[in-house]
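Observations on chain architecture
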Amino acid sequence: MAMRLFLVYAVVELAVLVALASTIGFGWTVLLVAGTFLVGLALAGSQVRRHFRRLRSGLTASTAQGAVTDSVLVALGTVLVVIPGLASSVLGALLLLPPTRAVARPMVTAMAARRAPLIVGVSTVGSAAAGARRGYDPQPGRGDYIDGEVLDVTDVTDVTPVDQPRLPE
């Protein structure tokens with residue numbers, strides 16, 4: 001899967017560079033790629049500092065979800081800006097802009113909510129077993145959870161005795 005994503009990334013970046021170089025020329029394309037990278041780095045630095053100030057000022061229960069989503073989007077935007085290529089730098093710079101993050105926030109929240117049962121299910125298995133011991137089953141029909149370890153044991157009773165030298169009587 002990772003190889004396919006990398007292949008898609010390489011093909012898209014190469015197609016953008018070839019199309020841009022054939023349209024405006026090689027020199028201007030190099031300047032545009034370098035300029036996009038530098039503007040993206042400056043934007044990433046300012047947004048990361050702004051986001052850290054926001055997190056240090058304290059969070060309430062109502063602003064925590066937005067702060068977590070913004071943290072994910074700022075981190076993703078920063079990574080995309082640092083990755084070489086014009087298309088990834090533009091996409092990363094768009095994710096670093098606050099209005100674009102406001103548009104992307106519901107999509108990221110929906111994706112996280114879709115994955116949350118998997119994450120919560122793994123982390124609460126032990127507590128579900130503890131509740132079942134007390135007579136409370138939070139997830140009926142899941143069966144018992146037994147924390148244990150499988151050992152490979154071989155029985156050694158079928159060993160033939162070796163003739164041992166006897167002491168004189």
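Residues numbered from 1 in each chain as written. Predicted model: local features only at pLDDT ≥ 70, side-chain atom pairs only at ≥ 80, totals over all residues. Heavy atoms only, no water.

1. Here's the deal with the overall build of the protein
- Looking only at helices and strands, the protein features 6 helices and 0 strands.
- Per-residue burial over the protein gives 19% buried out of 169 residues.
- Intrachain contacts of the protein at a sequence separation of at least 6 include 54% that bridge at least 24 residues. (Helix = DSSP H or I, 4+ residues; strand = E, 2+ residues; numbered from the N terminus. Buried < 20%, exposed > 50% of the residue type's maximum accessible area, 1.4 Å probe, protein only. Contact = heavy atoms within 4.5 Å.)

2. Brief notes about the confidence of the model for the protein
- On average, residues of the protein score 77 in pLDDT, and 73% of them reach the 70 mark or higher.
- Considering each helix and strand of the protein separately, the mean pLDDT is smallest for helix α6 (residues 125–133), with a value of 47, and largest for helix α1 (residues 2–24), with 91.
- Note on residues 122–133: pLDDT under 50 across the span, and 7 contacts to partners over four residues away in sequence or across chains. (pLDDT = per-residue confidence, 0-100.)

3. A closer look at helix α2 (residues 26–56)
- End to end, α2 covers 45 Å across 31 residues, agreeing with the expected 45 Å (1.5 Å per residue, within 8%).
- Along α2, the residues that are buried comprise Thr29, Thr36, Gly40, Leu43, Ala44, Gln47 and His51.
- Looking one or two residues past α2, Gly58 carries a phi angle of roughly 105°, positive in sign. (Expected span 1.5 Å × (residues − 1).)

4. Some details on the packing of α1 against helix α4 (residues 86–96)
- Across the interface, α1 lies against α4 with an axial gap of 7 Å and an inter-helix angle of 100°. Comparing the axis directions of α1 and α4 gives the class roughly perpendicular. Judged by residue contacts, Tyr9, Val12, Glu13, Val16 and Leu20 of α1 engage Leu86, Ala87 and Ser88 from α4.
- Class assignment for the residues of the contact of α1 with α4 results in 6 nonpolar, 1 polar and 1 charged. (Axes fitted to C-alpha atoms, helices over the stretch in contact; angles between N-to-C directions. Parallel < 35°, antiparallel > 145°, perpendicular 65-115°, else oblique. Nonpolar A, V, L, I, M, F, W, Y, C, P; charged D, E, K, R; others polar.)

5. Thoughts on a nonpolar patch on the surface
- Judged by side-chain polarity, Ile24, Trp28, Leu31 and Leu32 come together as a nonpolar surface patch covering roughly 430 Å² of accessible area.
- Tallying contributions element by element places α2 first for the nonpolar patch, with 3 residues.
- Position of Leu32 among the secondary structure elements: in helix α2.
- Classification of Leu32 by relative accessible area gives partly exposed; the value is 36%. (Patch = residues over 30% accessible without salt bridge, like charges linked within 9 Å, V, L, I, M, F, W, Y side chains within 5 Å. Areas by Shrake-Rupley, 256 points an atom, 1.4 Å probe, with all protein chains shown as cover. Salt bridge = Lys/Arg side-chain N within 4 Å of Asp/Glu carboxyl O.)

6. Some remarks on the environment of Leu32
- As for Leu32 and Leu86, which are separated by 54 residues in sequence, their C-alpha atoms are 8.1 Å apart.
- Apart from residues no more than four positions distant in its own chain, Leu32 is found in contact with Leu20 and Leu86.

7. As for the pattern of salt bridges
- Counted according to the given criterion, the structure contains 2 salt bridges.
- Where Asp70 meets Arg101, a salt bridge forms, and the shortest distance between an N and an O atom there is 3.6 Å. Of this pair, Asp70 sits in helix α3 (residues 61–82) while Arg101 sits in helix α5 (residues 98–123); the two residues are 31 residues apart in sequence, bridging distant segments of the chain. Here Asp70 and Arg101 have matching classes, each one buried.
- Arg105 serves as the salt-bridge partner of Asp70, at 2.9 Å between the closest nitrogen and oxygen. Taken together, the residues Asp70 in helix α3 and Arg105 in helix α5 connect sequence positions 35 residues apart.
- You can call Arg105 partly exposed: its relative accessible area is 27%.
- A network of salt bridges, in which partner residues are shared, links Asp70, Arg101 and Arg105.

8. Digging into the environment of Thr36
- Note that Thr36 resides in helix α2.
- Dropping the residues within four chain positions of it, Thr36 is found in contact with Leu86, Ser89 and Val90.
- Reaching out from Thr36, the side chain makes a polar contact with the backbone oxygen of Leu32 at a distance of 2.7 Å. (Polar contact = N/O pair within 3.5 Å; in protein donor to acceptor, adjacent residues only side chain to side chain.)

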